[in-house]
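Working through the structure, step by step
Here are the chains, one letter per residue:
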Amino acid sequence: MAKSRGEFSSTFGFVMAAAGSAIGLGNIWGFPTQTAQNGGAAFVLVYLVLAFFIGYPLLMAEFVIGRHARSNPVGAYRSIAGGKTFVPAGYFGIIVAGLILSFYSILAGWMVAHAVEPFFKLIGADHLAAWVVDQSNITRNILFTSLFYVLTIGIIIGGVKSGIEKWSSRLMPTLIFMMILLTIYVLTLDGASDGLEVYLLPDFNKITDPQLILSALGQSFFSLSLGVGTMLVYGSYIANKENLVYLGVFVTLADIAIAFLAGLLIIPAMYVAANAGTEIFDPAGNLISGPTLVFQVLPELFNSMGPVGIPVALVFFVLMSIAALTSSISMLEVPVSYAVDTRNLQRQHSTWVIGGVFWIISIILVANFETLFGMVVSFTTQYSQPLLGLIICIFIGWVMNRNSILEELKKGSPTVADSIFMKVWPVFVKVISPLLIILVFLQSLNVF
Ligand code: PFF
């Protein structure tokens, strides 16, 4: 069994893969719009604090459990706890990871479709260009969702080193480079400075708003891919020589940095669009968010730029597609790792079969979009992720042996026992993080 498991071959490769999982539509789409709706910089500030104090400890918990067990969530809970109590949570995480994949790949399919549109425009195929961006066309949605699955499955079949690591190491630097260029360009346009002001000047009155704090916590959960076992599985592929404490810091910092950069791109871009005559506020006076922002406000902005708008749109949607792909592979890897190391199945077959199952669920979602899509999104991200995160905290804080934890951390960091990390982190995973997660959970149940 151990022989068939992969391992990341370099620190860079691992950081690119884990940051690739974390950095996705949640950063480039979710974060900027949540920021805009929640008092601009006030939200950014709260998000930063929570990502470090809640997200990072949980991320570390997943890395430690994963590398210690060298297994998927089910195998890890079974071997570390020596009993079956936590095993259902492992299965639940695997299913939730797959369900996130099934809605995420529909959104990703839209991104791919919009990335293809500029090509059709360039060659004068206007009819096709209009067809690929027709949001309500089911055939188009099925086609692009399926295309995205083929890409995801293709990478996961390659395994840890020649699939996940290789592609993340290529795609992530490309993404970051493209994003920086695009941000610089947008910041030179008229109206951008109004957006910058909204984004960077905090409305301190809002900083204690419980709704804001809870939204920021939820966002940090989704953004760092926590709870469902993604980071646990990636952690199970980290070499023993690696320092987990630092890796966790890099991944958290990368995730935060890209979310922040996305805010510098999207919010000024909205105000540039407003300057060019596009409506950027909804009837209630809030900044437009969600699909309308990405598929209506931004394309209108690109159109208003004249000929240069075509390559700019291309860059933006390719960037979104790449970000989504490095996240979707991490979702599919969770059930696949279970099939490979607990069920002893062959990676290639398992990937096609499991990918196929979640593809079918995606098609069902596409066909019943109005009724099912929102339901699956809130079931997975609002309810299941916090619940699973809570279970991970309980597991590492109260069940896993402290010596095993310390031994695991010491492997790549011999002096960790005396570090400040070891004084602070255990208190967080044992008490503070679980309590805060319970708060988010109660909020998602509309208790407040
Ligand atoms: N972190 C990803 C994003 O911000 O888009 C989403 C995600 C990936 C959620 C992997 C959950 C997961 F397991």
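Residues numbered from 1 in each chain as written. Predicted model: local features only at pLDDT ≥ 70, side-chain atom pairs only at ≥ 80, totals over all residues. Heavy atoms only, no water.

**Section: the pattern of salt bridges**
Considering all chains together, one arrives at eight salt bridges under this definition. Taking the shortest distance from any N to any O, the salt bridge between Lys 241 and Glu 242 comes out at 3.4 Å. We note a salt bridge from Arg 347 to Glu 333, for which the minimum N-O separation is 2.8 Å. One end of the pair, Arg 347, is in helix H15 (residues 347-367); the other, Glu 333, is in helix H14 (residues 309-341), with 14 residues separating them in the sequence. Glu 333 carries the same exposure label as Arg 347, and that label is buried. One salt-bridge network, in which partners are shared between bridges, spans Arg 67, Glu 408 and Lys 411. (Salt bridge = Lys/Arg side-chain N within 4 Å of Asp/Glu carboxyl O. Helix = DSSP H or I, 4+ residues; strand = E, 2+ residues; numbered from the N terminus. Buried < 20%, exposed > 50% of the residue type's maximum accessible area, 1.4 Å probe, protein only.)

**Observations concerning empty space enclosed by the protein**
One pass over the structure, following the stated rule, counts three cavities of 30 Å³ or more. Computed from the structure, the largest cavity encloses a volume of approximately 140 Å³. Ser 21, Phe 222, Ser 225, Ser 327 and Met 331 are, among the 17 residues lining the largest cavity, the residues nearest its centre. Secondary-structure elements contributing two or more residues to the lining of the largest cavity are helix H1 (11-22), helix H2 (25-37), helix H5 (87-122), helix H10 (210-223) and H14. Looking at side-chain class alone, the lining of the largest cavity contains seven nonpolar, ten polar and no charged residues. (1 Å grid on protein atoms, 1.4 Å probe; cavity = no way out; pocket = protein on both sides within 12 Å on 5 of 7 lines; lining within 4 Å. Points joined across faces, edges and corners; volume = space filled by probe spheres on them. Nonpolar A, V, L, I, M, F, W, Y, C, P; charged D, E, K, R; others polar.)

**Things to note about the layout of surface pockets**
There is about 960 Å³ of room inside the largest pocket. Listing elements by their share of the lining of the largest pocket, those giving two or more residues are H2, H5, H10, helix H13 (290-304), helix H16 (369-399) and helix H18 (420-444). By residue number, the principal contributor to the lining of the largest pocket is H16, which donates nine residues. Among the residues forming the lining of the largest pocket, the class breakdown is 15 nonpolar, 19 polar and no charged. As a volume, the second largest pocket reaches approximately 400 Å³. At the level of elements, H5, H13 and H14 are the ones that each hand at least two residues to the lining of the second largest pocket. By residue number, the principal contributor to the lining of the second largest pocket is H13, which donates seven residues.

**Quick word on the confidence of the model for the protein**
On average, residues of the protein carry a pLDDT of 92, and 98% of them reach 70 or more. Across the protein, element-level confidence peaks in H15 with a mean pLDDT of 98 and bottoms out in H10 with 83. (pLDDT = per-residue confidence, 0-100.)

**Considering helix H17 (residues 402-410)**
Taken together, the buried positions of H17 are Ser 404, Ile 405, Leu 406, Glu 408 and Leu 409. Measuring from the backbone nitrogen of Asn 403 back to the side-chain oxygen at the start of H17 gives 2.6 Å, which picks out Asn 401 as the cap. (Polar contact = N/O pair within 3.5 Å; in protein donor to acceptor, adjacent residues only side chain to side chain.)

**Quick word on the side chain of Glu 165**
Secondary-structure assignment places Glu 165 in helix H8 (residues 159-187). Of note is the side chain of Glu 165, whose polar atom sits 2.7 Å from the backbone nitrogen of Ser 9. Those residues in contact with Glu 165, other than ones at most four positions away along the chain, are Glu 7, Phe 8, Ser 9, Ser 10, Gly 13 and Val 160. (Contact = heavy atoms within 4.5 Å.)

**Here we look at the packing of aromatic side chains**
On inspection of all chains with the given rule, the structure shows 27 aromatic pairs. Their ring planes at 55° and their centres at 4.9 Å tell us that Phe 31 and Tyr 47 sit as a pair that is tilted. Taken together, the residues Phe 31 in helix H2 and Tyr 47 in helix H3 (residues 41-69) connect sequence positions 16 residues apart. Between Phe 302 and Phe 317, the aromatic rings sit 6.2 Å apart at their centres with planes inclined by 85°, giving edge-to-face as the arrangement. (Phe/Tyr/Trp six-rings, centres within 6.5 Å; stacked < 30°, edge-to-face > 60°.)

**Some points on the packing of H2 against H3**
Between H2 and H3, the least distance of the axes is 7 Å, while the angle of their chain directions is 125°. Our classification of the angle between H2 and H3 gives oblique. Seen from H2, the contacting residues are Phe 31, Gln 34 and Thr 35; seen from H3, they are Phe 43, Val 44 and Tyr 47. Split into classes, the residues belonging to the contact of H2 with H3 amount to four nonpolar, two polar and no charged. (Axes fitted to C-alpha atoms, helices over the stretch in contact; angles between N-to-C directions. Parallel < 35°, antiparallel > 145°, perpendicular 65-115°, else oblique.)

**Regarding the environment of Thr 381**
Mapped onto the secondary structure, Thr 381 falls in helix H16. Along the sequence, Thr 381 and Phe 222 sit 159 residues apart, while their C-alpha atoms lie 6.7 Å from each other. Once residues within four sequence positions are removed from consideration, Thr 381 is found in contact with Phe 103, Phe 222 and Pro 386. Engagement of the side chain of Thr 381 in a polar contact is seen with the backbone oxygen of Val 377, the distance being 2.7 Å.

**A few points about the site of the ligand**
Close to the ligand lie 16 residues; Ala 22, Gly 26, Tyr 104, Phe 222 and Thr 230 are nearest. Within the backbone of Gly 26, an N or O atom sits 2.8 Å from an oxygen atom of the ligand. At a separation of 2.9 Å, a nitrogen atom of the ligand approaches a polar backbone atom of Phe 222. Protein contact buries 100% of the 340 Å² of open area that the ligand shows by itself. (Near = heavy atom within 4 Å. Areas by Shrake-Rupley, 256 points an atom, 1.4 Å probe, with all protein chains shown as cover.)

**Examining a nonpolar patch on the surface**
Judged by side-chain polarity, Ile 394, Trp 398, Val 399, Val 427, Val 431, Ile 432, Leu 435, Ile 438 and Leu 442 come together as a nonpolar surface patch covering roughly 730 Å² of accessible area. Going through the elements one at a time, H16 and H18 are the ones with two or more residues in the nonpolar patch. Considering each element in turn, the nonpolar patch owes the most residues, six residues, to H18. When you line up the elements, Ile 438 lands in helix H18. (Patch = residues over 30% accessible without salt bridge, like charges linked within 9 Å, V, L, I, M, F, W, Y side chains within 5 Å.)

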